[in-house]
There are 2 protein chains.
Amino acid sequence: MTEQGQEARQRMVAGAADMIRRRGLNATSVRELTKHSAAPLGSTYHYFPGGKQELAAEAVRYAGSLVSKVLRRELAAGPVEGLRAFLALWRQTVLGTDFQAGCPVLAVAIEEPPAGDRSAVAAAAEVFADWEALMGAALGERGVAAPDAARLATLVVAAVEGSVALCRAKRDIAPLDAVATQLEAVLSAAVAR
Amino acid sequence: MTEQGQEARQRMVAGAADMIRRRGLNATSVRELTKHSAAPLGSTYHYFPGGKQELAAEAVRYAGSLVSKVLRRELAAGPVEGLRAFLALWRQTVLGTDFQAGCPVLAVAIEEPPAGDRSAVAAAAEVFADWEALMGAALGERGVAAPDAARLATLVVAAVEGSVALCRAKRDIAPLDAVATQLEAVLSAAVAR
DNA sequence: TCCCGGCTATAACAGTCGTCATAGCCTAGC
DNA sequence: GCTAGGCTATGACGACTGTTATAGCCGGGA
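Quick caveat: nothing in here was measured; it's all calculated off a predicted structure. (Residues numbered from 1 in each chain as written. Chains lettered and ligands numbered in written order. Predicted model: local features only at pLDDT ≥ 70, side-chain atom pairs only at ≥ 80, totals over all residues. Heavy atoms only, no water.)

Now for the environment of Val 67 of chain A. All names here are of chain A. By the secondary structure assignment, Val 67 is in helix α4 (residues 52–75). Given a relative accessible area of 7%, Val 67 falls into the buried group. Sequence separation between Val 67 and Ala 85 is 18 residues; the distance between their C-alpha atoms is 9.6 Å. Excluding its chain neighbours within four sequence positions, the residues that come into contact with Val 67 are Phe 86, Leu 89, Trp 90 and Trp 131. (Helix = DSSP H or I, 4+ residues; strand = E, 2+ residues; numbered from the N terminus. Buried < 20%, exposed > 50% of the residue type's maximum accessible area, 1.4 Å probe, protein only. Contact = heavy atoms within 4.5 Å.)

Turning to the protein's contact with DNA strand D, a few remarks are in order. Among the 17 residues in the neighbourhood of DNA strand D, the closest are listed as Ser 43 of chain A together with Ser 29, Arg 31, Tyr 45 and Lys 52 of chain B. In DNA strand D, atoms within 4 Å of the protein come from the sugar-phosphate backbone in 63% of cases. In this structure, a phosphate oxygen belonging to DNA strand D sits 2.4 Å away from a side-chain N or O atom of Ser 43 of chain A. Within the side chain of Tyr 45 of chain B, one N or O atom sits 2.6 Å away from a phosphate oxygen of DNA strand D. When residues of the surface near DNA strand D are traced back to their parent elements, those giving at least two are α1 (4–23) and α3 (44–47) of chain A together with α2 (30–36) of chain B. Residue composition of the surface near DNA strand D, grouped by class: five nonpolar, eight polar and four charged. (Near = heavy atom within 4 Å. Polar contact = N/O pair within 3.5 Å; in protein donor to acceptor, adjacent residues only side chain to side chain. Nonpolar A, V, L, I, M, F, W, Y, C, P; charged D, E, K, R; others polar.)

Turning our eyes to something else, we now look at the pattern of salt bridges. Scanning the model with the defined rule gives 22 salt bridges over all chains in all. Its salt-bridge partner being Glu 132 of chain A, residue Lys 170 of chain B comes within 2.4 Å of it at the nearest N-O pair. Separated into two different chains, Lys 170 of chain B in helix α8 (residues 146–170) and Glu 132 of chain A in helix α7 (residues 119–141) make up a pair that spans both. Lys 170 of chain B sits in the partly exposed class, given a relative accessible area of 27%. (Salt bridge = Lys/Arg side-chain N within 4 Å of Asp/Glu carboxyl O.)

Residue and element names in this part refer to chain A. Going through the model one piece at a time under the given rule, you end up with ten aromatic pairs over all chains. Centroid distance Phe 86 to Trp 131: 5.7 Å. Interplanar angle 70°. Geometry classified as edge-to-face. Separated by 45 residues along the polypeptide, Phe 86 in helix α5 (residues 79–96) and Trp 131 in helix α7 bring together distant segments of the chain. Comparing Phe 86 with Trp 131 shows no difference in burial state: the two are buried. These aromatic residues form a ring-pair network of at least three members: Phe 86, Trp 90, Phe 128 and Trp 131. (Phe/Tyr/Trp six-rings, centres within 6.5 Å; stacked < 30°, edge-to-face > 60°.)

Attention now moves to the interface of chain B and chain A. Contact residues are listed per partner, giving 39 residues for chain B and 39 residues for chain A. Overall, the association of chain B and chain A removes approximately 3,400 Å² of surface from exposure, summing both partners, and the carbon and sulfur fraction of that is 68%. Per-residue buried area on chain B facing chain A is highest for Ile 110, Glu 112 and Gln 182 of chain B; these three make up 18% of the total on that side. Summed over the shared surface of chain B and chain A, the number is four salt bridges. Linking Glu 112 of chain B and Arg 23 of chain A is a salt bridge whose minimum nitrogen-to-oxygen distance equals 3.5 Å. Every element with two or more residues in the side of chain B that touches chain A is listed here: α1 (4–23), α6 (104–109), α7 (119–141), α8 and α9 (174–192) of chain B. Counting residues per element, the side of chain B that touches chain A draws most heavily on α8 of chain B, which supplies 15 residues. (Buried area = accessible area lost by both parts, 1.4 Å probe.)

Taken together, 17 residues form the shell around DNA strand C, and within it Ser 29, Arg 31, Tyr 45 and Lys 52 of chain A together with Ser 43 of chain B come nearest. Among atoms of DNA strand C positioned within 4 Å of the protein, sugar and phosphate together represent 70%. Interatomic distance of 2.9 Å between a side-chain N/O atom of Lys 52 of chain A and a phosphate oxygen of DNA strand C. Ser 43 of chain B places a polar side-chain atom, nitrogen or oxygen, 2.3 Å from a phosphate oxygen of DNA strand C. Listed by contribution, the elements that provide at least two residues to the surface near DNA strand C are α2 (30–36) of chain A together with α1 and α3 (44–47) of chain B. Here the surface near DNA strand C takes three residues from α2 of chain A, the largest share from any one element.

All names here are of chain B. As a packed pair, helix α5 (residues 79–96) and α7 sit with axes 9 Å apart at the nearest point and diverge in direction by 150°. On the basis of their axis angle, the class for α5 and α7 is roughly antiparallel. Counted together, Pro 79, Gly 82, Leu 83, Phe 86 and Trp 90 of α5 and Trp 131, Met 135, Ala 138 and Leu 139 of α7 form the full contact between these two elements. Here the contact of α5 with α7 is built from residues that sort into eight nonpolar, one polar and no charged. (Axes fitted to C-alpha atoms, helices over the stretch in contact; angles between N-to-C directions. Parallel < 35°, antiparallel > 145°, perpendicular 65-115°, else oblique.)

So, on to the UniProt feature "DNA-binding region" (unreviewed entry) in chain A. Taking the UniProt record as the reference, the feature "DNA-binding region" (unreviewed entry) is found at residues 29–48 of chain A. Each end of residues 29–48 of chain A is marked by a C-alpha atom, and these two atoms are 15 Å apart; helix forms 55% of the span and strand 0%. (UniProt positions renumbered as here; feature names shortened; annotations may be inferred.)

This paragraph deals with the side chain of Gln 182 of chain B. Note on placement: Gln 182 of chain B falls in helix α9. A distance of 3.3 Å separates polar atoms of two side chains, one belonging to Gln 182 of chain B and the other to Asp 148 of chain A. Once residues within four sequence positions are removed from consideration, Gln 182 of chain B is found in contact with Asp 148, Arg 151, Leu 152 and Leu 155 of chain A.

Now for α7 of chain B. Taking 1.5 Å of rise per residue, 23 residues should cover 33 Å, and α7 of chain B covers 33 Å from first to last C-alpha, within 8% of that figure. Following α7 of chain B by one or two positions, Gly 143 of chain B adopts a phi angle in the positive range, close to 90°. (Expected span 1.5 Å × (residues − 1).)

Our focus in this paragraph is unusual backbone geometry. For Phe 99 of chain A, which is not glycine, the phi torsion reads 70° and is therefore positive. Within the fold, Phe 99 of chain A resides in the loop between α5 and α6 (104–109).

Here we come to the relation of the copies chain B and chain A. Aligned on chain A, chain B shows an RMSD of 0.0 Å; the corresponding rotation is 180° and the shift along the axis is 0.0 Å. Here the transformation between the copies is reduced to the relation of a two-fold axis. Closest to the rotation axis within chain B is the C-alpha of Ala 159 of chain B, separated from it by 1.8 Å. Comparing interface residues between copies, 100% of those in chain B also sit at the interface in chain A, which points to an isologous, same-surface contact. (Least-squares fit on C-alpha atoms with pLDDT ≥ 70 in both.)

Below, the structure is given as structure tokens:
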């Protein structure tokens, strides 16, 4: 069996993640997506029998895993270092696309799924939980008590996701930098305690 | 002149805000909106010559002003009290709609606007800036230095917006409560300092 | 009473949407 | 060489999109 097909499949997943983070899920059509991914329209339902929702779910998991990988690596040096890497990732995304791209996970999370098919939203929930777990564990390793570590991790993910949205609306990176300053102070204080 | 028309116009704005916070802007069609608002389709472009974007911008400003009003009132008692009211507002929204509604301002902020028409996104940016200014001023009145007050206000808005999205994805109110606990601690510490 | 203007009802325009069915290419294994 | 099957190209399905044009209703002012 040739591998060309699977390559096209992977291009579709990455392309979907890219389009969703810019326009949102509903505004991303299957036709545009295939064009953007240089993939054949007819193959969409061959690779993704569940249709658009299945493709979106996979795109969310894919984008989430890219972030998780960076997060896992950098958190090894400590929570604050991991936070810096997390922030740098989003800073790069927002600035590198001239404020046109945000987080595909957030985009999927806030759009109403078609009746009875929450698979994409569920994938978004898992990604958020994954990020929180990583950050929470790193805080725990530095002596932050469990319930506080989990809450701090949630605060980090929520605040960063929110600030990316603020940046896009304002076309200004300041909100992300403000959140960076404050979160760093909060995490540093928690770890030092 | 009868006032019936203007009433229909107001219903459309409120209805748009309600639909956008549930499904997002792109997934909200003009026809569904008029049906949901018991308003005539033909009147859409009578009241809103700028079309869907103008209606969305007004819906965002409307929703934003409702929150601002509560915020302004409750912040008079102090930043932490204002924060509590802000959080309670979103808690009620999320729980009262069984996790089906979030923030219309965020929804509009993260969707790519049609080429050349950023009016709705600009309205979202203004609403965010308004909320931040209110919170920042309240912190300033309690002795928090200006740059820190502004950054804290941004953190509050970003974290709450983000946590509402997390709640919807997970169908769980825990993220908002976690953020509530942490933000309250942060603001209390800042004010006491 | 008449008319004027804000408002609405209706239909149409030209697309696009997600999804599916089918026929055919083209390569891997025998 | 030949066949099986993964993959693709094509076209169609019905439904829905934002927007516009036009004809008409229906109330208040003269």
